[in-house]
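In case you want the letters, here they are:
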Amino acid sequence: MFSTALPTRKRRRPEVTFTQGRGEVKFGDVKVYLVERRMGKSRRNFLSNLARSKGFCVDDALSGNVTHVVSEGNAAQELWNWLEEQGFGEMQDKHVLNVSWFTESMSAGRPVPVELRHYIQDALEVLAENMEFSGNQGPCLAFRRAASVLKSLPAALQCLEETHRLPCLGEHSKAIVEEIFECGSSSRVEEVLNDEKYRTMKLFSSVFGVGPKTAESWYYRGLRTFEQVLTEPSIRLNRMQTAGFLFYEDISKPVSRTEASALKIIVEEAVIYVNPHATVNVAGGFRRGKEFGHDVDFIIKTPEPGQEDAILPAVIERFKSQNILLYSDFQESTFDLSQLPNHRFEAMDHFSKCFLIVKLKREQENRERETDKGASRDWKAVRVDLLAPPVERYAYALLGWTGSTLFERDLRRFARLERGKLLDNHVLYDKATKAFLPASTEEDIFAHLGLEFIEPWQRNA
Ligand code: CTP
Ligand code: MN
Ligand code: MN
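Each value, and the rule that gives it
Residue indices begin from 1 for each chain and proceed along its sequence in written order. All chains are assigned letters beginning with A, and all ligands numbers beginning with 1, in the order in which they are written. Confidence filtering applies because this is a predicted model: local features only for residues at pLDDT of at least 70, side-chain atom pairs given and counted only at 80 or more, and all residues used for totals across whole chains, interfaces and linings. To obtain the side-chain values, all non-hydrogen atoms of the structure were used and water was disregarded. Only DSSP runs of H or I with at least four residues qualify as helices, and only runs of E with at least two residues qualify as strands; both kinds are numbered from the N terminus onward. The globule rule is 2.2 Å times the number of residues to the power 0.38, and the radius of gyration it is compared with is taken over C-alpha atoms. Think of it in three bands: with a 1.4 Å probe and only protein chains considered, a residue is buried below 20% of the maximum accessible area for its type, exposed above 50%, and partly exposed in between. Note on contacts: a residue pair is in contact if any heavy atoms of the two residues lie within 4.5 Å. Reported accessibility uses the Shrake-Rupley method at a 1.4 Å probe radius. Residues are deemed covered only where the shown protein chains occlude them. The charge count treats Lys and Arg as positive and Asp and Glu as negative. His and the chain ends do not count. A single reference atom marks each charge: NZ on Lys, CZ on Arg, CG on Asp, CD on Glu. Lines fitted to C-alpha atoms define the axes, with helix axes restricted to the stretch in contact, and inter-axis angles between N-to-C directions lie between 0 and 180 degrees. Between 65 and 115 degrees an angle is taken as roughly perpendicular, under 35 as roughly parallel, over 145 as roughly antiparallel, and anywhere else as oblique. For this classification, Asp, Glu, Lys and Arg are treated as charged, while Ala, Val, Leu, Ile, Met, Phe, Trp, Tyr, Cys and Pro are nonpolar and the rest, including Gly, are polar. Only N, O and S atoms count as donors, using a 2.8 Å cut-off from the metal and 3.2 Å for Na, K and Ca, and because water is excluded some sites may appear unfinished. The salt bridge criterion pairs a side-chain nitrogen of Lys or Arg with a carboxyl oxygen of Asp or Glu, the two atoms within 4 Å. Any two rings among Phe, Tyr and Trp, with Trp reduced to its six-membered ring, count as a pair given centres within 6.5 Å; such a pair is stacked if its planes are under 30 degrees apart, edge-to-face if over 60, and tilted if neither. In this analysis the charged atom, NZ for Lys or CZ for Arg, is taken to sit over a ring once it is within 6 Å of the ring centre and within 35 degrees of the ring normal. At least two DSSP bridges between two strands are needed for those strands to be called paired. Every crossover in which the path from the first strand over the helix to the second runs clockwise, viewed with the strands pointing away from the viewer, is termed right-handed. We call a residue near a given molecule or strand whenever any one of its heavy atoms falls within 4 Å of it. Throughout this description, a polar contact denotes any pair of N or O atoms lying within 3.5 Å of each other; where both atoms belong to protein, one of them has to be capable of donating a hydrogen while the other can accept it, and for residues adjacent in sequence the pair is counted only when both atoms sit in side chains. A helix is expected to span 1.5 Å for every residue after the first. By nonpolar core is meant a set of buried Ala, Val, Leu, Ile, Met, Phe, Trp, Tyr and Cys residues that side-chain atoms within 4.5 Å join together. Surface patches are defined over residues having more than 30% relative accessible area and no salt bridge, joining like charges when they lie within 9 Å and nonpolar side chains (Val, Leu, Ile, Met, Phe, Trp, Tyr) when within 5 Å.

Engineer: Looking at this model, I keep getting lost on the overall build of the protein chain. Mind explaining?
Structural biologist: When helices and strands are counted, the protein chain shows 21 helices and 14 strands. Whereas a compact globule of 461 residues would reach a radius of gyration of roughly 23 Å, the protein chain reaches 23 Å, a difference of no more than 12%. Counting only C-alpha atoms, the protein chain reaches 70 × 55 × 50 Å along its principal axes. When burial is assessed residue by residue, the protein chain has 50% of its 461 residues classed as buried. Within the protein chain, counting contacts between residues at least 6 apart in sequence, those at least 24 apart form 66% of the total. In the form shown here, the protein chain has an accessible surface area of approximately 22,800 Å², with 50% of it arising from carbon and sulfur atoms. When the 62 basic and 66 acidic side-chain charges of the protein chain are each reduced to a single mean position, those positions are 3 Å apart.

Structural data, given as structure tokens:
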């Protein structure tokens, strides 16, 4: 698997590969190479094209000119062994990096300076994910928080002592940070990356509709690959998982900001067709300014109370009639103010919502570049979430669906512990006065909490 997944040096290097992208090369002194192993061929193609369109020079082969080697999910030792085999020597101007450097550079539109936190952040995220897979919510959250703190640092970490002053860094995270400072990698992280259960869980739970429970049950039944799952007679996939496997190639690729904008036009058209007075807003990661997402989240605002109930079924019908609907799961509203506030943290809110997979027309340019099979299709399957709250709940729904999940969690905690108020996607409830606080904008909610407004792009950590 190792040798087949990786390009070998014997393979003839295409002539000046980087001219494939349409964008001119803006950063001549940075030459990126993306390691295909674990990243996968289609994601590698996608990321290469994206980088090229932003003026980065991406080499398809690991030549001596490469300055930045980017890998995802590879254990350091294996990666170094492989690089050595390729004759890629350690040199002053060469960096071997985790994908967080790459995604940050894409967001910034330029190569960001390489920092130690790029290694540490990825390492902590691997540990968080591993804890999540084994159902350890507490430690998972601790590693997520620590990774998020490192991500939000304004400047590079200069020395180990600086990390001692950081908030949210627990003992375990500190130990990992120390190890990476001293040895360049962490044995615990390497162990997880090489762990069969972790690898299998990561693979299975990357399928739309497959949660940690299902992934785990497949793992304990001895299944390790998609093929084994799909050919196992006793496994009956539900509708969601069937769609997940059917469109896996497409929906496992990140959605770009450009694709999100194209989808907004499609959603707006359908929404206005159904209700000319309704408006559409982007929520989720794209509202927070992210360059990629695993889906695109939209929140629909209808002017009159009650109009929200009919809108999503009608939008779904519209997509069907346009022949762009590949999958839909519509969930009717179960919102009932008299049942609130709810003191438990709830994963799901009660608004009318739908989880969709829709066809998005490919750009001509992308289609030519795409080398994968299936590229003859002129569309890409994309995950879209739509939410239609009652208008008087809109501000709370928007705040809740903008995320990030970690930000929401911390904001709720702050409201509860510091302000004696219960916040969720539906309401803000003042425990002292036993009253629901009205809000027509997010600004109103922050004001109720006695906080300055926090811009969506400041909610990533
Ligand atoms: N959310 C929620 N209730 C749900 C689903 C989502 O409150 N049933 C919120 C979460 O707080 C999340 C946001 O909606 O931050 C968007 O969810 P999701 O698309 O899963 O995450 P993103 O932050 O958009 O990340 P990505 O870019 O990968 O899609
Ligand atoms: Mn999203
Ligand atoms: Mn979503």
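Engineer: Before we go on, may I ask you to explain the packing of helix 4 (residues 99-108) against helix 5 (residues 116-133) in this structure?
Structural biologist: A pair of packed helices is characterised by two quantities: the angle between their axes and the separation of those axes. Running from N to C, helix 4 and helix 5 point in directions that differ by 115°, and their axes come no closer than 8 Å. The pairing of helix 4 with helix 5 is recorded here as roughly perpendicular in orientation. Where helix 4 abuts helix 5, its residues Val 99, Ser 100, Trp 101 and Glu 104 lie against Arg 117, His 118, Gln 121 and Asp 122. Counted by class, the contact of helix 4 with helix 5 contains two nonpolar, three polar and three charged residues.

Engineer: How should the coordination of the manganese ion (ligand 2) be read in this particular structure?
Structural biologist: Put simply, a metal with four donors set out as a tetrahedron has ideal angles of 109.5 degrees, and one with six donors set out as an octahedron has ideal angles of 90 or 180 degrees. Taken together, Asp 295 (OD) and Asp 297 (OD) make up the full set of protein donors to the manganese ion (ligand 2), lying 2.0 to 2.1 Å away. The metal-metal distance between the manganese ion (ligand 2) and the manganese ion (ligand 3) is 3.6 Å, with Asp 295 coordinating both. The exposure classification of Asp 295 matches that of Asp 297, with both residues buried.

Engineer: Sorry, what's going on with the pattern of salt bridges here?
Structural biologist: Proximity of charged atoms lets side chains of opposite charge pair with each other. Inspection of every chain in the model, using the stated rule, returns 29 salt bridges. For the salt bridge of Arg 318 with Glu 269, the shortest nitrogen-to-oxygen distance reads 2.8 Å. Here Glu 269 lies in helix 15 (residues 257-274) and Arg 318 lies in helix 17 (residues 308-321), a separation of 49 residues in the sequence. The class for Arg 318 is buried, based on a relative accessible area of 17%. With a relative accessible area of 35%, Glu 269 lands in the partly exposed category. Among the ionic pairs, Asp 385 bridges to Arg 383, the shortest N-O distance being 2.9 Å.

Engineer: Explanation requested: the packing of aromatic side chains in the structure shown.
Structural biologist: What characterises a pair of aromatic rings is the spacing of the ring centres plus the angle enclosed by the ring planes. Taken as a whole and assessed by the stated rule, the structure comprises 14 aromatic pairs. Measuring from centroid to centroid gives 5.2 Å for Tyr 219 and Tyr 220, while their planes differ by 75°, and the two rings are edge-to-face. Tyr 220 sits in the exposed class, given a relative accessible area of 58%. Taken together, the ring pairs connect Phe 204, Trp 218, Phe 226, Phe 245 and Tyr 248 into an aromatic cluster. One Lys or Arg, Arg 318, reaches over the ring of Tyr 273 and ends 3.7 Å from the middle of that ring.

Engineer: Could you clarify how one ought to interpret the pairing of strand 1 (residues 31-34) in this entry?
Structural biologist: Residues in a regular strand point their side chains to alternate faces of the sheet. Of the two faces of strand 1, the one lined by Lys 31 and Tyr 33 and the one lined by Val 32 and Leu 34 are each fully buried. As defined by bridge partners, strand 1 adjoins strand 2 (residues 57-58) across two bridges and the pair is classed as parallel. In the sheet register, Lys 31 faces strand 2, and the bridge partner there is Cys 57. Taken together, strand 1, helix 2 (residues 41-53) and strand 2 constitute a β-α-β crossover, and its handedness is right-handed.

Engineer: Looking at this structure, I do not really get the sheet that holds strand 13 (residues 428-430). What am I missing?
Structural biologist: Strand-to-strand pairing in sheets goes through backbone hydrogen bonds, with the strands running parallel or antiparallel. Read across the open sheet, the three strands follow the order 12-13-14; overall the sheet is antiparallel. Strands with a single pairing partner mark the edges of an open sheet, and in this sheet they are strand 12 (421-423) and strand 14 (435-436). Direction of pairing for strand 13 relative to strand 14: antiparallel, over a ladder of two bridges. Looking at the pairing, Asp 430 lines up with Ala 435 of strand 14.

Engineer: Which parts of the structure should I look at to understand the site of ligand 1?
Structural biologist: Lining the immediate surroundings of ligand 1 are 19 residues, of which Gly 285, Arg 288, His 294, Asp 295 and Asn 425 lie closest. In the environment of ligand 1, an oxygen atom lies 2.8 Å from a nitrogen or oxygen atom belonging to the backbone of Gly 285. Here Gly 400 contributes a backbone N or O atom positioned 3.1 Å from an oxygen atom of ligand 1. For ligand 1, the protein covers 79% of the area, taking 570 Å² as the surface of the free molecule.

Engineer: Could you clarify how one ought to interpret helix 20 (residues 405-419) in this entry?
Structural biologist: In a regular helix each residue adds 1.5 Å, so 15 residues correspond to 21 Å; helix 20 covers 20 Å between its end C-alpha atoms and thus fits that length. Summarising the contacts, the buried residues of helix 20 are in contact with helix 6 (137-151), helix 19 (394-402), strand 12 and helix 21 (442-448). Downstream of helix 20 by a residue or two, Gly 420 has a phi angle that is positive, lying close to 60°.

Engineer: Would you explain the coordination of the manganese ion (ligand 3) in this entry?
Structural biologist: For the manganese ion (ligand 3), every protein donor is listed as Asp 295 (OD), Asp 297 (OD) and Asp 385 (OD), and the spread of their distances is 2.0 to 2.2 Å. In the primary sequence, the donor residues of the manganese ion (ligand 3) line up as D-x1-D-x87-D.

Engineer: Is there a simple way to explain the nonpolar core in this structure?
Structural biologist: General note: in soluble globular proteins, nonpolar side chains tend to be found buried as a group. One finds Leu 124, Phe 204 and Trp 218 to be the most contacted residues of the largest nonpolar core, which totals 39 residues. Of all the elements in the fold, those that place two or more residues in this core are helix 5, helix 6, helix 8 (171-183), helix 9 (187-194), helix 10 (196-204), helix 11 (212-220) and helix 12 (226-231). When residues of this core are assigned to their parent elements, the largest contribution, eight residues, is made by helix 5. Excluding residues within four positions of it along the chain, Leu 124 makes contact with Phe 143, Ala 146, Ala 147, Leu 150, Ser 173 and Ile 176. Within the second largest apolar cluster, 28 residues are counted, among which are Ala 260, Leu 356, Leu 360 and Ala 388.

Engineer: I would appreciate a short explanation of a negative patch on the surface in the present structure.
Structural biologist: A cluster of acidic residues, Glu 161, Glu 171, Glu 178 and Glu 182, forms a negative patch on the protein surface. No other element matches the three residues that helix 8 contributes to the negative patch. Locating Glu 161 in the fold gives a position in helix 7 (residues 160-164).

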